[in-house]
Amino acid sequence: NDVETDTVVMIDEAIITTTTTTTSTTTTTTTTTTTTTTSTTTTTTTSTTTTTSTTSTTTTTTTTTTTTTSTTTTTTTSTTTTTTTTTTTTTTTTTTTTATATTTTTTTLVVNLTISKQDVFGTEINGAELTLTGQDENGNIIRFTDDQFTGGEGAQLISSGDSLRWISGTGETKVSSLVNGSYTLHEVAAPSGYAVATDITFDVKDGVVSGGPAVSGSTVTMIDDILTSVEVCKKNVYADEVPGAQLTLTGTAPDGTPIDFYVNNVDLGRDAVLVSQTDGQSLTWISGSTSTYVKDLPNGTYFIEEIAAPSGYEVTTIIEFTIQDGVVTGSTGISDRTVTVTDDFTLTDIAISKASVLGGEVPGAQLTLTGTDLTGRPVVFDIDKVVMGTDGQLISTENSSSLTWISGSDSTFVRDLPDGTYTLHEDAAPAGYDVTTDIVFQIIRGVITGDVGVDSSASKVTITDDVLTTTTTTSTATTTTVTTTTTGTSSETSSAGSTTTTKGAAGTTTTAASTTTKPAAAADSPRTGVATVAVPFAALALAAATAFVSRKRREDE
């Protein structure tokens, strides 16, 4: 019997075990010989008898023919014939016994795996800490050895055993001789500027690697998303950074899971305050006088919500933006990697009333309103936002930093004023009223405050004029007529009213002064803030007449 020896052949990463089949054949030949003897006795009594007997015997290999002829004439003959025929039968029986051994070929294929650590642009990145673990088909932990690992340039093997742990280099990593089983590639820590990738699970079966989209042939590629830093600005309509706004940032990853935020990844602006004290799924802070930066944000959709606006500003709507591979996009407030949250001023409607001390609205006063907002800039008044009182008249014809009008018989409304400080000035008072002093008031969070003329509950400012007291001034116009008559030398002076008579030796001199007095008209024109002056003309005229008389006497003497 021929028996082939067992052979173990290693063929290109395969271990092949071959069992040889041995066949043994046994042949047995059996020969059987059979001998048959026939005896024939013939007795013949005949006078003349002829007996012919022919016997034919046929065997497998021989045919024998015997013919006997006996002739007896009146003779009794006894003949005994014995014929012996020998027949030989040869039977050949062949028995074949085959012992068959089953040939079993066991092939265990292994895989040389390539692991690539890339960014979203397909560039191999170093510095990622990775582990590879696995279980065989029986659920046993697969153990790794150092010699299975071949790292790319700059790679560093940390440990082997129940897991293979290493730091990626600038080239691909090779792990050889992976047997059948299930494996998990895990990123312990990502390089700076990159997000930790999710685990990749794959299977090895008879030299074939299978898994999700990360698997191609015998290569597994793990991709790290780029982390993005975002500048968050809180501004007003003038693009000034506004402190004091409470902002909250949340986000959702592409797979729909909430994004985690880390307090150590926040660079606060000047005077800003971090409200969140622990890592979590939201980040809250109070804005300062400069921008706040939130670093290392992964791909996803983000929302900035203003929880509370600073004094004088309205809470703005939620801003949504998206980060994808380092690019920030959104419909509102997005520029490059800067997100700007803009607050409008709080706007307030006020009523302005022109009244007298006696009560009631006073028409006809010319008033001007000016103001500065919270930033110190002049408030620009929109003439379309002015609602005039009955019979009032708007003097301003375009939007500007001052608003002028003539009061009517009821209040004038000025709408949408931002928080700030305002001055109401009376340019000219109505007839019969005195010009009043300016009224200064503030609007703070939509509430009017001030020392004089302010009704906060009604959002109303009232400017009150005093009634003007009319003074009638009498002006005396004096006409003096002097008549001189000489009648003697004696002298006598008499004064009655404004007539003087002098008597003397040379005669009599009479000086007559007549005075005509006319009242001045009462002042009834609008006041402008400058008081009128009445001149006592009568006193001046009288003084002049007296001086004239005295001078004449001296001349006569």
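Fair warning: this is a prediction, and the values are worked out from it, not measured in the lab. Position numbers for residues start from 1 in each chain and track the written sequence from start to end. Confidence filtering applies because this is a predicted model: local features only for residues at pLDDT of at least 70, side-chain atom pairs given and counted only at 80 or more, and all residues used for totals across whole chains, interfaces and linings. Water and hydrogen atoms were dropped before computing side-chain values, which therefore reflect all heavy atoms in the structure.

(A) Structural view of the pairing of strand S24 (residues 319-324). When a residue's accessible area, from a 1.4 Å probe over protein chains only, is under 20% of the maximum for its type it is buried; when over 50% it is exposed; and in between it is partly exposed. Elements are defined by DSSP. Helices are runs of H or I of four residues or more, strands are runs of E of two residues or more, and each kind is numbered from the N terminus. Of the two faces of S24, the one lined by Ile-319, Phe-321 and Ile-323 is fully buried and the one lined by Glu-320, Thr-322 and Gln-324 carries no buried residue. When DSSP finds two or more bridges between a pair of strands, those strands are recorded as paired. Relative to S24, strand S23 (residues 300-308) runs antiparallel, the two sharing five bridges. Bridge pairing links Ile-304 to Ile-319 in S24. For S24 and strand S25 (residues 327-329), the ladder comprises three bridges, and the chain directions are antiparallel. The residue of S25 that forms the bridge with Ile-323 is Val-328. Hairpin remark: S24 followed by S25, antiparallel, with two residues in the connecting loop; positive phi at Asp-325, about 55 degrees.

(B) Up close: the sheet that holds strand S9 (residues 156-159). Within the open sheet, the six strands sit side by side as S9-S10-S7-S12-S13-S14. Their pairing is antiparallel. In the strand order of this sheet, the two ends are held by S9 and strand S14 (208-211), each with one partner. Within this sheet the neighbouring strands show an average axis-to-axis angle of 25 degrees, counted without direction. Examined bridge by bridge, strand S7 (residues 129-135) and strand S12 (residues 181-189) share seven bridges and lie antiparallel to one another. Following the sheet pairing, Leu-132 is matched in S12 by Leu-185. To define axes, lines are fitted to C-alpha atoms, for helices over the stretch in contact only, and angles between the resulting N-to-C directions are given on a 0 to 180 degree scale.

(C) Representation of the pairing of strand S28 (residues 347-356) within the structure. Counting buried positions over the ten residues of S28 gives eight, a clear majority of the element. Judged from the five bridges that link them, S28 and strand S33 (residues 412-418) form a sheet pairing that is antiparallel. When the sheet's bridge partners are listed, Leu-347 is paired in S33 with Pro-418. Sheet topology note: the S28/strand S38 (residues 460-465) ladder contains six bridges and is parallel. Directly across from Ala-351, in S38, lies its bridge partner Lys-460.

(D) Quick peek at the sheet that holds strand S36 (residues 447-450). A sheet is described by the order of its strands in space; here six strands give the open sequence S31-S32-S29-S34-S35-S36, paired in antiparallel fashion. Lying at the two open borders of the sheet, with one neighbouring strand each, are strand S31 (393-394) and S36. Here strand S29 (residues 366-373) runs beside strand S32 (residues 402-406); their pairing, made up of five bridges, is antiparallel. Counterpart to Leu-369 in the pairing with S32 is Leu-403.

(E) Highlighting the packing of aromatic side chains. For Phe, Tyr and Trp, where Trp contributes only its six-membered ring, two rings pair if their centres lie within 6.5 Å, and the inter-plane angle classes them as stacked under 30 degrees, edge-to-face over 60, or tilted in between. Inspection of every chain in the model, using the stated rule, returns nine aromatic pairs. Judged by centre distance (5.8 Å) and plane angle (55 degrees), the rings of Tyr-238 and Phe-345 are tilted. On the criterion of sequence distance, the pair formed by Tyr-238 in the loop between strand S17 (228-236) and strand S18 (246-252) and Phe-345 in the loop between strand S27 (338-343) and S28 is long-range, its members being 107 residues apart. The partly exposed category is assigned to Tyr-238, whose relative accessible area is 34%. Every member of this aromatic cluster is reached through a ring pair, and the members are Phe-144, Tyr-183 and Phe-202.

(F) Examining the pattern of salt bridges more closely. A pair is scored as a salt bridge if a Lys or Arg side-chain nitrogen falls within 4 Å of a carboxyl oxygen belonging to Asp or Glu. Considering all chains together, one arrives at 15 salt bridges under this definition. Residues Glu-137 and Lys-205 are paired through a salt bridge, measuring 2.5 Å at the closest nitrogen-oxygen approach. With Glu-137 in the loop between S7 and strand S8 (149-150) and Lys-205 in strand S13 (residues 200-205), this residue pair connects regions lying 68 residues apart in the sequence. With relative accessibility at 52%, the residue Glu-137 sits in the exposed group.

(G) A look at the side chain of Ser-411. The topology assignment puts Ser-411 in the loop between S32 and S33. Among the residues examined, Ser-411 registers a relative accessible area of 13% and is labelled buried.

(H) Summary view of the side chain of Lys-117. Inspection of the secondary structure puts Lys-117 in strand S6 (residues 111-119). Think of a polar contact as two N or O atoms within 3.5 Å of one another; within protein, one of them needs to be a possible hydrogen donor and the other a possible acceptor, and neighboring residues in sequence only count if both atoms come from side chains. Of note is the side chain of Lys-117, whose polar atom sits 3.0 Å from the side chain of Glu-187. Within the structure, the side chain of Lys-117 is placed 2.3 Å from the side chain of Asp-224, a separation counted as a polar contact.

(I) How the structure looks around the environment of Gly-169. Within the element layout of this structure, Gly-169 appears in the loop between strand S10 (164-167) and strand S11 (173-178). Sequence spacing of Gly-169 and Ala-128 is 41 residues, and the spatial spacing of their C-alpha atoms is 8.1 Å. What Gly-169 contacts, discounting residues up to four positions off in sequence, is Glu-124, Ile-125, Asn-126, Glu-153, Gly-154 and Ala-155. Only heavy atoms matter for contacts: two residues are in contact if any of them lie within 4.5 Å across the pair.

(J) Spotlight on a nonpolar patch on the surface. Think of a patch as exposed residues, more than 30% relative accessible area, with no salt bridge, where like charges cluster within 9 Å and nonpolar side chains (Val, Leu, Ile, Met, Phe, Trp, Tyr) cluster within 5 Å. Accessible surface is estimated by sampling points in the Shrake-Rupley manner with a 1.4 Å probe; for residues, cover comes only from the protein chains shown. Among the surface-exposed residues, Val-357, Leu-358 and Val-467 lie close enough to one another that they form a single nonpolar patch of about 300 Å² accessible area. Its place among the elements puts Leu-358 in the loop between S28 and S29.

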